[in-house]
Amino acid sequence: MPARRPKAVPGVIRLSEATGSSSRGWEDAVTAAVKASDVKAPVGVEVSRLWADWERGKLSRFHATVKVAYRQVLKVPSRAKG
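Residues numbered from 1 in each chain as written. Predicted model: local features only at pLDDT ≥ 70, side-chain atom pairs only at ≥ 80, totals over all residues. Heavy atoms only, no water.

Asker: Could you give an account of a nonpolar patch on the surface, naming the residues involved and the relevant values?
Answerer: On the surface, Trp26, Val45, Val47, Leu50, Trp54 and Leu59 cluster together into a nonpolar patch covering about 570 Å² of accessible area. Top contributing element to the nonpolar patch by residue count: strand 2 (residues 42-55), with four residues. Here Leu59 lies in strand 3 (residues 58-73). (Patch = residues over 30% accessible without salt bridge, like charges linked within 9 Å, V, L, I, M, F, W, Y side chains within 5 Å. Areas by Shrake-Rupley, 256 points an atom, 1.4 Å probe, with all protein chains shown as cover. Salt bridge = Lys/Arg side-chain N within 4 Å of Asp/Glu carboxyl O. Helix = DSSP H or I, 4+ residues; strand = E, 2+ residues; numbered from the N terminus.)

Rendered as structure tokens:
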């Protein structure tokens, strides 16, 4: 007998934009941006923009703007009996 799949819940994927920064590197800047977003359960990240501050001949602070994807569950209207 095949394994049962969980019942599909109607939903859509939404995006929330956020910016973060780090002195360590690009990956930490992206992680900071995801944490700065208001998304509780992210399902993906699209990196929109990366940039850095330049000091004394090297990169000093890394910045990232990202779009954080999350699933929004849709409420199914109940059928009115009447």
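Here the narrative resumes.
Asker: Provide a residue-level description of the environment of Asp53, including the pertinent values.
Answerer: In this structure, Asp53 sits in strand 2. Sequence-wise, Asp53 and His63 are ten residues apart; in three dimensions their C-alpha atoms are separated by 8.3 Å. Excluding anything up to four places from it in sequence, Asp53 contacts Lys58, Leu59, Ser60, Arg61 and His63. (Contact = heavy atoms within 4.5 Å.)

Asker: Can you explain the side chain of Ser16? Please cite residues and give values.
Answerer: Checked against the element boundaries, Ser16 lands in strand 1 (residues 11-22). Overall, Ser16 belongs to the buried group, its relative accessible area being 14%. In this structure the side chain of Ser16 is engaged in a polar contact, spanning 3.2 Å, whose partner is the side chain of Asp38. Leave out the neighbours within four places in its chain, and Ser16 touches Ser37, Asp38, Val39, Val66, Lys67, Val68 and Tyr70. (Buried < 20%, exposed > 50% of the residue type's maximum accessible area, 1.4 Å probe, protein only. Polar contact = N/O pair within 3.5 Å; in protein donor to acceptor, adjacent residues only side chain to side chain.)

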